[in-house]
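Structure at a glance
Here is what each chain is made of, one letter per residue.
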Amino acid sequence: GFTCAAANEMAAERFQELAKVMKKKNVKLGEDQLSCLVKLVTLHGVPKDLDSYPTDLLLFLSPSDYAATGSCVQYFANIGKANLDVLQRESPQRKQLLLEALACLKIPGTEVSEENTEILGRLVCDLGGEYIRSSGGHLLKQLSQCESFLPDQEEAIRSVISSGNTTFGPPERWSAFTLNELSGLIPVLDHSILQKIPKDALTLWLKDFARDSPLSRDELATVAKELLPRRQKRATDCPPDQKITEAVLNNNLMPIFYPPDLLRACLKNVSLENHLSQVVTYAFSVEQLAVLKDYLDETYPDGYPESLLPSLGPLTALFTPEDISKWKITSADTLARLLGNNPPYAQASAIIRRYIGLGNPLNTTALNAIGPSYMCLLNETELNRIDPSSLKLASLNISNCSQTTKNILYAKAKQAFSSQPFPAYYELIAPYLEGAPGQDLKALSEHKVNMNISTFVKLRKDALMSLTPSEVQGLLGVYLPDLKQWQNKPPIWEWVQRQQQSELDKLHIGLTGGTQEGYINIVTPKFQSPSSASLHPVAMTLHLLPALLLSFLMMSVLS
């Protein structure tokens, strides 16, 4: 099977053949897999037929690498179609790509023509606010495809839209179709713009298009709020024509007809149970959701039955840890449904504590529910309750956890995967390596695992400092040249200072800063011991999908 860890056993031509098959079969690869593949494909120089390879591979090459295949304009036209989000938003590679694109297209000031907008494609998402302002409306359609914006981009988008000087015209003339074209920009619009859009256009868009838009329920709620009637007096009784019927409960526009006070009045004597899981997906504001929660509290004064918990959806965020401590969470599936609502840390922690407190196991289902975002909330006692075999099918993200958490989970993962042969063992243990001690890394280096640099620089500081240059070479393999880019940054700078320069020279990558013969470098360690790091949850990235093992790729794409 083909994994980056087993790359040493295959010839460069085989990798090139494999990569071309991946292009034909449209196989999606992550950042680590692409950065590995590009190194293997270019082992003996850059191929002259790069258009035969997966487009995303070009993100790791430059226009000069592409020169034998085609012009820089062609190169950036391909980059514009690539999945730019493979590279992190503010990463040096992405910034460099944009600078090179602007130079290639000879864009003199900050005005981007319509033709160049087409070529830039997804790269438009990285243009600063001044480009958006100068280029007027023809960037809007492309910008609508972007995942997120920086504050100066948001301000520029609002300014261009408010001016009305775009192909879409002023907001006062927009239709539901316009909103659909620009749906990715709706979260950027503020009240001053939203109130100018015709109400029937907003209503029609919410009714027919909102479901297919990239907007979250919260973002849709901002639009729905604009459509609520501006009521003069608070409702205490429910008018006969506003009674909540089966038809109302099945209408996703329900939030725009019921301000919080009217919703409270009209929910009396209504049975929500069978509709709750559907109703909570509607674009209700926080105030309206609070009314729904009060209704449930009144309906179940002695605590919620477990059957109701999976239907709570966004209401989960409104409960206090004290409320949650009374819930009957007896199955890992219920835990998964509750955490799947992405509640804030306080609520998530209370949900996990309640599940564990009732004696439930931290099995694979439970770990996969906790894993992507909330693993760092578990304390030592809870972590020690995890059965190592549960990790075999779990996908966890531990990169923001305390060192203690990383150490405990690494030991359990090592136990879980120890029976696996190389290179499969390395692929499975890789997400846990930030907790690996020095002796384990030394053992891995003998297997020439091709560890990527982003994994290497996050290794335990004391473990990394214990490695010799030849062991580092064994770990990094094809990624060894990347070490040079890190030579002036921590923790690599500290490591370099501890090495004999003559040993660093044997790596042949131009590393400098080691100790000259006859000198002793005394480096004061600046790092905490692993046990003294404090446990505190940090906002998590959800990018860790189950690793697409490249061995599986080899079987599927060459079969």
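Here is a short report on the structure shown in this document. Worth saying up front: this structure is predicted, and the values here are computed from it rather than measured.

Time to look at the overall build of the protein. A tally of helices and strands in the protein yields 32 helices and 0 strands. With respect to the three principal axes, the spread of C-alpha positions in the protein is 90 × 65 × 50 Å. Counting only residues that meet the buried cut, the protein has 50% of its 559 residues in that class. The long-range fraction of contacts in the protein, counting pairs at least 24 apart against all pairs at least 6 apart in sequence, stands at 65%. Total accessible area on the protein is roughly 26500 Å²; 52% of this is exposed by carbon and sulfur atoms. For the protein, the distance from the average site of its 52 positive side-chain charges to the average site of its 59 negative ones is 1 Å.

Another aspect to go through is the packing of helix H4 (residues 72-81) against helix H5 (residues 92-104). Contact pair H4 / H5: the axes reach a minimum separation of 10 Å and the direction vectors enclose 135°. As far as their axial angle goes, H5 and H4 are oblique. The two elements H4 and H5 cross, and the hand of that crossing is left-handed. Touching Cys72, Val73, Tyr75, Phe76 and Ile79 of H4 are Leu97, Glu100, Ala101 and Cys104, all from H5.

The next point concerns the pattern of salt bridges. Counting across every chain of the model gives 22 salt bridges. Among the ionic pairs, Lys207 bridges to Asp208, the shortest N-O distance being 3.5 Å. Across the salt bridge formed by Lys406 and Glu434, the nearest N and O atoms sit 2.7 Å from each other. Residue Lys406 is found in helix H24 (residues 403-417), and its partner Glu434 is found in the loop between helix H25 (424-429) and helix H26 (438-445); the two are separated by 28 residues along the sequence. Overlapping salt bridges, with partners in common, bring together Asp85, Arg89, Arg94, Arg122 and Asp126 in one network.

Its place among the elements puts Ser390 in the loop between helix H23 (380-384) and H24. When near neighbours in sequence (up to four residues on either side) are disregarded, Ser390 contacts Leu362, Asn363, Thr364 and Leu367.

Another point: the packing of helix H16 (residues 260-267) against helix H18 (residues 286-299). As a packed pair, H16 and H18 sit with axes 9 Å apart at the nearest point and diverge in direction by 20°. Here H16 lies roughly parallel to H18, going by the angle between them. Note on packing geometry: the crossing formed by H16 with H18 is right-handed. For the pair formed by H16 and H18, the contact residues are Pro260, Leu263, Arg264 and Leu267 on the first element and Glu287, Gln288, Val291, Leu292, Asp294 and Tyr295 on the second. Here the residues of the contact of H16 with H18 are counted per class, giving 6 nonpolar, 1 polar and 3 charged.

Tallied over the full model, the rule gives 4 disulfides. Covalent S-S linkage joins Cys238 and Cys266, the inter-sulfur distance amounting to 2.0 Å. Given an S-S torsion of about 95°, the disulfide between Cys238 and Cys266 has right-handed geometry. Placement of Cys238 in the loop between helix H13 (217-227) and helix H14 (246-249) and of Cys266 in helix H16 is noted, with a sequence separation of 28 residues between them. Exposure remark for Cys266: the relative accessible area of 4% places this residue in the buried category. Shown here is the disulfide that connects Cys376 with Cys401, its sulfur atoms set 2.1 Å apart. Disulfide Cys376-Cys401: the torsion about the S-S bond is -85°, which places it as left-handed. Of the two residues, Cys376 is situated in the loop between helix H22 (364-374) and H23 and Cys401 in the loop between H23 and H24; the sequence distance between them amounts to 25 residues. Residue Cys376 is classed as buried on the basis of its relative accessible area of 3%. Look at Cys401 and you get buried, because its relative accessible area is 7%.

Procedures and definitions
- Residues numbered from 1 in each chain as written.
- Predicted model: local features only at pLDDT ≥ 70, side-chain atom pairs only at ≥ 80, totals over all residues.
- Heavy atoms only, no water.
- Helix = DSSP H or I, 4+ residues; strand = E, 2+ residues; numbered from the N terminus.
- Buried < 20%, exposed > 50% of the residue type's maximum accessible area, 1.4 Å probe, protein only.
- Contact = heavy atoms within 4.5 Å.
- Areas by Shrake-Rupley, 256 points an atom, 1.4 Å probe, with all protein chains shown as cover.
- Lys, Arg positive; Asp, Glu negative; His and termini not counted.
- Charge placed at Lys NZ, Arg CZ, Asp CG, Glu CD.
- Axes fitted to C-alpha atoms, helices over the stretch in contact; angles between N-to-C directions.
- Parallel < 35°, antiparallel > 145°, perpendicular 65-115°, else oblique.
- Left-handed = near helix turned anticlockwise from the far one by under 90°.
- Salt bridge = Lys/Arg side-chain N within 4 Å of Asp/Glu carboxyl O.
- Nonpolar A, V, L, I, M, F, W, Y, C, P; charged D, E, K, R; others polar.
- Disulfide = S-S within 2.5 Å.

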